[in-house]
Amino acid sequence: EPAKAVTILVLILAIPSLTGVGGFLRARLPEIRKARERLEADRQREALETALETGFGQLSDEELTAAGQTFQEALALEEGSVAAHAGLLLSFLRAKKGQQALEHLQSIPALVAKYSSLAQLEADAWRSLGDPNRAMLLEKKLPPLQSALDHFIAGVRAMSHGHAGKQSEFARSLTLHTE
């Protein structure tokens, strides 16, 4: 019975091979998991960057509702994204929703304390609600712009003011984006 003998021989050779492959995979499992986690983190970071790019484009095109939704999606990807928070706040302010902007700012006090550009948006919200004195008091306490992100947000804010009729803010936005 040669067929039985060949089958038994294949099993005798295959079982140790399969055991070896299984052992190899088990030993490499932590590396495989880490690689999968890195890949997922890269995908999430890419999705966040795409959402931010789309949102700021929509903001620039005055698609304020769509921009707000896109920034909400970005925040769902990364809750602590300062750029997404800033974009959402700018969409609120450009849509004349100062109260929504203030409520959102109150939900992220640690970020507002850390990023002076977000604190500036708080002053803008108070100004939009008809309280320029409170806005000026906040602005007097603002530290200088510290990070590249602060400069970017301040530049986008200046462009928003330019679109609102303050032509000198366009030049200021260029300066902020190149500092």
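These figures come from a predicted structure and were not determined experimentally.

Enquirer: Honestly, the pattern of salt bridges in this entry has me stumped. Any pointers?
Expert: Opposite charge on two side chains permits pairing when their charged atoms draw close. Evaluated as defined, the whole model comprises five salt bridges. Between Arg 45 and Asp 42 there is a salt bridge, and its shortest N-O distance comes to 2.5 Å. Of this pair, Arg 45 and Asp 42 both sit in helix H1 (residues 2-60), three residues apart, roughly one helical turn. Using a relative accessible area of 44% as the deciding quantity, one classes Arg 45 as partly exposed. For Arg 94, the salt bridge goes to Glu 62, with nearest N and O atoms at 2.0 Å. With Arg 94 in helix H3 (residues 82-94) and Glu 62 in the loop between H1 and helix H2 (64-77), this residue pair connects regions lying 32 residues apart in the sequence. For Arg 94, a relative accessible area of 16% puts it in the buried group. Shared partners join several salt bridges into a network, and the residues in it are Asp 124, Arg 127, Glu 139 and Arg 157.

Enquirer: Hey, could you run me through the nonpolar core in this one?
Expert: A general feature of soluble globular proteins is that nonpolar side chains tend to end up buried together. Residues Leu 52, Phe 56, Leu 59, Leu 118 and Leu 121 are the most contacted members of the largest nonpolar core, which totals 35 residues. Looking at this core, the elements with two or more residues in it are H1, H2, H3, helix H4 (98-106), helix H5 (109-114), helix H6 (116-128) and helix H8 (148-163). The element best represented in this core is H3, accounting for nine residues. Once you skip the residues sitting within four places of it in the chain, Leu 59 turns out to touch Leu 64, Ala 67, Gly 87, Leu 90, Ser 91, Arg 94 and Val 156.

Enquirer: How should I be thinking about the packing of aromatic side chains in this particular structure?
Expert: Aromatic ring pairs are described here by two measures, namely the spacing of the ring centres and the angle between the planes. What the rule picks out here adds up to two aromatic pairs. Seen from their ring centres, Phe 56 and Phe 71 are 4.9 Å apart, and the 70° between their planes marks the pair as edge-to-face. Here Phe 56, found in helix H1, pairs with Phe 71, found in helix H2; they are 15 residues apart in sequence, far enough to count as distant. By relative accessible area, which is 15% here, Phe 56 ends up buried. Considering the side-chain rings of Phe 56 and Phe 152, the 5.1 Å spacing of their centres and the 80° angle between planes classify their relative orientation as edge-to-face. Note that Phe 56 is positioned in helix H1 and Phe 152 in helix H8, a separation of 96 residues in sequence. A network of ring pairs unites the aromatic residues Phe 56, Phe 71 and Phe 152 as a single cluster. Taking the ring centre of Trp 126 as reference, the NZ or CZ of Arg 134 above it sits at 3.8 Å.

Enquirer: How should H8 be read in this particular structure?
Expert: Within an α-helix, residues lying three or four positions from one another point in the same direction, as the helix has 3.6 residues per turn. Here H8 spans 23 Å end to end across 16 residues, near enough to the 22 Å set by a 1.5 Å rise per residue. Of the residues making up H8, those classed as buried are Asp 150, His 151, Ile 153, Ala 154, Gly 155, Val 156, Arg 157, Ala 158, Ser 160, His 161 and Gly 162. Downstream of H8 by one or two residues, Gly 165 has phi in the positive range, about 115°.

Enquirer: Help me understand the packing of H3 against H8 in this model?
Expert: A pair of packed helices is characterised by two quantities: the angle between their axes and the separation of those axes. Between H3 and H8, whose axes approach to 11 Å, the crossing angle comes to 15°. The angle between the axes of H3 and H8 places the two elements in the roughly parallel class. Handedness of the crossing formed by H3 with H8: right-handed. Here H3 contributes Val 82, Ala 83, Ala 86, Leu 90 and Arg 94 to the contact with H8, which in turn contributes Leu 149, Ile 153, Val 156, Arg 157, Ser 160 and His 163.

Enquirer: Looking at this structure, how should I read unusual backbone geometry?
Expert: Keep in mind that most residues, glycine aside, have a negative phi and that most peptide bonds are trans. With a phi close to 65°, Glu 62 is a non-glycine residue in the positive phi region. In this structure, Lys 96 is a non-glycine residue whose phi angle is positive, near 65°. Counting through the fold element by element, Lys 96 comes out in the loop between H3 and H4. Judged by relative accessible area, which is 73%, Lys 96 ranks as exposed.

Conventions used here
- Residues numbered from 1 in each chain as written.
- Predicted model: local features only at pLDDT ≥ 70, side-chain atom pairs only at ≥ 80, totals over all residues.
- Heavy atoms only, no water.
- Salt bridge = Lys/Arg side-chain N within 4 Å of Asp/Glu carboxyl O.
- Helix = DSSP H or I, 4+ residues; strand = E, 2+ residues; numbered from the N terminus.
- Buried < 20%, exposed > 50% of the residue type's maximum accessible area, 1.4 Å probe, protein only.
- Core = buried A, V, L, I, M, F, W, Y, C linked by side-chain atoms within 4.5 Å.
- Contact = heavy atoms within 4.5 Å.
- Phe/Tyr/Trp six-rings, centres within 6.5 Å; stacked < 30°, edge-to-face > 60°.
- Lys NZ or Arg CZ within 6 Å of the ring centre and 35° of its normal.
- Expected span 1.5 Å × (residues − 1).
- Axes fitted to C-alpha atoms, helices over the stretch in contact; angles between N-to-C directions.
- Parallel < 35°, antiparallel > 145°, perpendicular 65-115°, else oblique.
- Left-handed = near helix turned anticlockwise from the far one by under 90°.

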